[in-house]
Amino acid sequence: MTDEPFVRLLTGSDIVIEGAPGVAWKGRTTRALFALLALHAGRPVSRERLAALIWSDSDDSATRGSLRMALLALRRTLGAAGLDLITATNETVTLGLDPLRTDVGVMQALAAAPDLASRRLAFEQHRGDLLEGLSLPAEAAELAAFLRDERERLRGVALDLGADLAGELERAGDEAAAGAVLRALLAIDPACETAHRAIIRAHLRRGDRAGALRQFETCTAALRDSYGVAPSAETQALREAIAPEAPEARPVAQASAAPWDIDEILRQLSIEAPALNRIWKRHPARVALAAALIVAGLGWLGALAVGRLGGGAPPGVWVALPAIDAELSGCAFPALERDIRHEIEQALLAMPGVVVVLPNRRADADAPSGGEHVLEAGLRCVGREFRVTLAAHRAGSPSAEWMGQYDSAGRTPRELRDELAAGIAEAFARSR
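This structure is a prediction, so every number in the text was calculated from the model and none was measured.

Draft legend 1. Looking closely at the overall build of the protein chain. Looking only at helices and strands, one finds 17 helices and 11 strands in the protein chain. With 432 residues in all, the protein chain has 46% of them scored as buried.

Draft legend 2. Up close: the pairing of strand β9 (residues 372-382). Burial analysis of β9 places eight of its 11 residues in the buried class, the great majority of the element. Where strand β7 (residues 325-329) meets β9, five bridges bridge the pair, whose relative direction is parallel. From the neighbouring strand, Ala 326 faces β9, where its bridge partner is Leu 379. In this sheet, strand β10 (residues 385-394) lies alongside β9 in antiparallel orientation, the contact comprising 10 bridges. Within the sheet, the bridge partner assigned to Ala 377 lies in β10 and is Leu 390. Adjacent in sequence and paired antiparallel, β9 and β10 are bridged by two residues, among which Gly 383 carries a positive phi angle near 65°.

Draft legend 3. Here's a closer look at the packing of aromatic side chains. Here the structure, examined in full by the defined rule, presents one aromatic pair. Between Trp 25 and Phe 34, the aromatic rings sit 5.2 Å apart at their centres with planes inclined by 50°, giving tilted as the arrangement. According to the relative accessible area criterion, Phe 34 is buried, its value standing at 1%. Above the face of the Phe 216 ring, Arg 239 is positioned so that its terminal group lies 6.0 Å from the ring centre.

Draft legend 4. Summary view of the sheet that holds strand β3 (residues 45-46). Taken in spatial order, the three strands of this open sheet run β3-β5-β4, and their pairing is antiparallel. Of all the strands in the sheet, the pair left with one neighbour each is β3 and β4 (86-88). Bridge count for β3 against strand β5 (residues 92-95) is two bridges, and the pairing is antiparallel. Each residue of the ladder has a partner; that of Val 45, found in β5, is Val 93.

Draft legend 5. A look at helix α3 (residues 60-80). In a regular helix each residue adds 1.5 Å, so 21 residues correspond to 30 Å; α3 covers 30 Å between its end C-alpha atoms and thus fits that length. For α3, the full list of buried residues reads Thr 63, Leu 67, Ala 70, Leu 71, Leu 74, Thr 77 and Leu 78. All buried residues of α3 fall inside an arc of 130° around its axis, so they share one side. α3 presents Arg 68, Met 69, Arg 76 and Ala 80 as exposed residues on the side facing more than 90 degrees away from its buried surface. On its buried face, α3 is in contact with α1 (28-38), α2 (47-54), β4 and β5. The positive-phi residue at the C-terminal boundary of α3 is Gly 82, with phi of around 80°.

Draft legend 6. Seen up close, the packing of helix α7 (residues 175-188) against helix α8 (residues 193-205). Two elements in contact, α7 and α8, have axes whose closest approach is 9 Å; the angle formed by their N-to-C orientations is 145°. Judged by the sense of rotation from one axis to the other, the crossing of α7 with α8 is left-handed. Across the interface between the two elements, Glu 175, Leu 182, Leu 185 and Leu 186 of α7 pack against Ala 195, His 196, Ala 198, Ile 199, Ala 202 and Arg 205 of α8. Of the residues that constitute the contact of α7 with α8, the class distribution is seven nonpolar, one polar and two charged.

Draft legend 7. Quick peek at the layout of surface pockets. Put simply, the second largest pocket is a space of about 290 Å³. Listed by contribution, the elements that provide at least two residues to the lining of the second largest pocket are α2 and α3. Taken together, the residues of the lining of the second largest pocket sort by class into four nonpolar, five polar and five charged.

About the criteria used
Residues numbered from 1 in each chain as written. Predicted model: local features only at pLDDT ≥ 70, side-chain atom pairs only at ≥ 80, totals over all residues. Heavy atoms only, no water. Helix = DSSP H or I, 4+ residues; strand = E, 2+ residues; numbered from the N terminus. Buried < 20%, exposed > 50% of the residue type's maximum accessible area, 1.4 Å probe, protein only. Pairing = 2+ DSSP bridges. Phe/Tyr/Trp six-rings, centres within 6.5 Å; stacked < 30°, edge-to-face > 60°. Lys NZ or Arg CZ within 6 Å of the ring centre and 35° of its normal. Expected span 1.5 Å × (residues − 1). Arc of directions from axis to C-beta. Contact = heavy atoms within 4.5 Å. Axes fitted to C-alpha atoms, helices over the stretch in contact; angles between N-to-C directions. Left-handed = near helix turned anticlockwise from the far one by under 90°. Nonpolar A, V, L, I, M, F, W, Y, C, P; charged D, E, K, R; others polar. 1 Å grid on protein atoms, 1.4 Å probe; cavity = no way out; pocket = protein on both sides within 12 Å on 5 of 7 lines; lining within 4 Å. Points joined across faces, edges and corners; volume = space filled by probe spheres on them.

As far as function goes, none of this settles anything; it's purely spatial.
Encoded structure:
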């Protein structure tokens, strides 16, 4: 029905009803009830579930009465705007609205459509995180948790959809449309490296090295601010493609006016003088960079500068991260595997002296003898419940030195972050 209102929930703020601007909400409970029904548009929701989500701290008899009063208030609110959308029985309540008259319904229905136009329309529905600014009643703790999970799930759908869509548009030669999608992706997640890399590559195709460099710096700042990490190896490789000579052109040797003690530099780098001479001949600026970092008090970065780029291995623990062994049977979180992987990587990168080796490179090619470990992760998800298992062992040894298991218990991956980080720290504490 074309005269039906269109409900927007992916706004980053509050509910928007297009086609019924006269809706005047009265109270947080009425608004929360409508939002919950709109997420299930066209489908009956049990009164028991509605009451449990909105009045999670009350007993059954009290919540039934509260729900009756809230439904009455909602009917009056919608009726004042000329809307008759609520159908209620003794057991269920239904918002009589076609799911395709909500932005959530459109995005979910068209996300897997075969044609580009439909998927583009699906992606355009995500104008902000799901009801991020919706004010909830104090007693609606369960509803807050439900909306948080849905917010994460729909955000993941939008990010995956946008990345695929941008790639298709780029391959079709429509760079302007691809660029618009990429900018929208960064509005959803400013630290989305996939989008940053695509924009950098677009600048490079046009010969705009200055624009590519600005985008790399924007990416670096976003990753630092969001997660406290540096860009991945793939993104760093693009930085070299922008200006390979840039590291050597920077006056790093003037980073400190303090006198250099070459013996102290060699000691901190843990290499012999002949090896330093060989590296100096091949990469003089990198040795200068390492020396400047050591003088500045950042000796471990100096070791990394010479060790990784000059041919040796930096000190510390090298951890290889194979792909996650995932079994996602009807999982409600499309991006769960990616999110868990991200949390594990961040936990490792936050530990001093740990070098993370990605699965697409040989860890044993550079790692010091006996210094490499493997952290294997398993993920099992059914619906909204998931379990993460971790096992750490030395490279080449089948015996696990440490194992950990973490259940979601209704939590999101981000809420498991501290527990995962603590377990990973325990796994490698003895190896550092």
